[in-house]
Amino acid sequence: MSIRVVVADDQELVRSGFTMILEAQQDIEVVAEAGDGAEAIAAVRRHAPDVLLLDIRMPVMDGLEAARQVCAQSCCKVVMLTTFDLDEYVYEALYAGASGFLLKDVRRDDLVHAVRVVAAGDSLLAPTVTRRLVADIVRRRREEATADVTPQRLDALTAREVETLRLLARGLSNSEIATTLFVSEHTVKTHVSNVLSKLGLRDRVQAVICAYETGLVTPGPA
């Protein structure tokens, strides 16, 4: 069964380029294109895609507002695309409910991989975005060290779930976690689901943030 995708960008050449890359994959089908946020929302309602590739800066309605509405009204996963590697865009996109954030200079294979990962229910951030996000989290935690701030507790997790969270925060995929822990991929999916449920997290991105906030994982080599 094909992954259904809508591509939304105000630049026709960019839309066409992404569409050509994705359509070349046997398991991906681009069901519609959109030139602004309003058109993107309409396309999602009309075609019920699995993934929406959404530019941030567009006329009529920008991608951030479109992402908020799409994530609130449908099960469609949103991957934000931008040429602007700015922190406020990352946070706004995550708060809007986006499952992925990529820069437009992303490599062809990485774009395809992102669509597949997000469609499977995981989250994905460009490596440069992840590094900046983690650095900012650490900075904020240091600033809050003397404040009355209680980090999210991990006491509700089993030892194996804690280890799963640790590996997840290091960027390992489900299959890589399974290999590391010598368990099946199905078991890893169960652990990840339990982690999200017990900690009240929406997705893997929030799980990564939680792992850094609680000190389970710290910046540095894996």
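In what follows, the structure referred to is the one given above.
Keep in mind that what you see is a predicted model, and the values were worked out from it rather than measured.

S.K.: Explain the packing of helix H7 (residues 159-169) against helix H9 (residues 185-199) to me, please; I cannot follow it from the model alone.
M.R.: Two numbers describe a pair of packed helices, the interaxial angle and the distance between the axes. One can describe the packing of H7 onto H9 by two numbers: an axis separation of 9 Å at closest approach and a directional angle of 95 degrees. Comparing the axis directions of H7 and H9 gives the class roughly perpendicular. Residues Arg 160, Glu 161, Thr 164, Leu 165 and Leu 168 of H7 pack against His 191, Val 192, Asn 194, Val 195, Lys 198 and Leu 199 of H9. Among the residues forming the contact of H7 with H9, the class breakdown is five nonpolar, three polar and three charged.

S.K.: Even after reading the chapter, I still don't get the environment of Thr 180, so can you show me in this structure?
M.R.: Considering the arrangement of structural elements, one finds Thr 180 in helix H8 (residues 174-181). Since its relative accessible area comes to 40%, Thr 180 is described here as partly exposed. Between the C-alpha atom of Thr 180 and that of Leu 167, which follows or precedes it by 13 residues, the distance is 8.8 Å. Filtering out sequence-adjacent residues up to four positions away, Thr 180 remains in contact with Leu 167 and Leu 172.

S.K.: Looking at this structure, how should I read the side chain of Thr 164?
M.R.: Along the polypeptide, Thr 164 turns up in helix H7. Judged by relative accessible area, which is 0%, Thr 164 ranks as buried.

S.K.: Would you mind going over H8 with me for this structure?
M.R.: Each α-helix winds once per 3.6 residues, and so residues spaced three or four apart point in a common direction. All of the buried residues in H8 are Asn 174, Ile 177, Ala 178 and Leu 181. The buried residues of H8 occupy one face: seen down the axis, they fall within an arc of 100 degrees. For H8, the elements touching its buried residues are H7, H9 and helix H10 (204-213). Immediately downstream of H8, the backbone of Phe 182 shows phi near 60 degrees, a positive value.

Cut-offs applied
- Residues numbered from 1 in each chain as written.
- Predicted model: local features only at pLDDT ≥ 70, side-chain atom pairs only at ≥ 80, totals over all residues.
- Heavy atoms only, no water.
- Axes fitted to C-alpha atoms, helices over the stretch in contact; angles between N-to-C directions.
- Helix = DSSP H or I, 4+ residues; strand = E, 2+ residues; numbered from the N terminus.
- Parallel < 35°, antiparallel > 145°, perpendicular 65-115°, else oblique.
- Contact = heavy atoms within 4.5 Å.
- Nonpolar A, V, L, I, M, F, W, Y, C, P; charged D, E, K, R; others polar.
- Buried < 20%, exposed > 50% of the residue type's maximum accessible area, 1.4 Å probe, protein only.
- Arc of directions from axis to C-beta.

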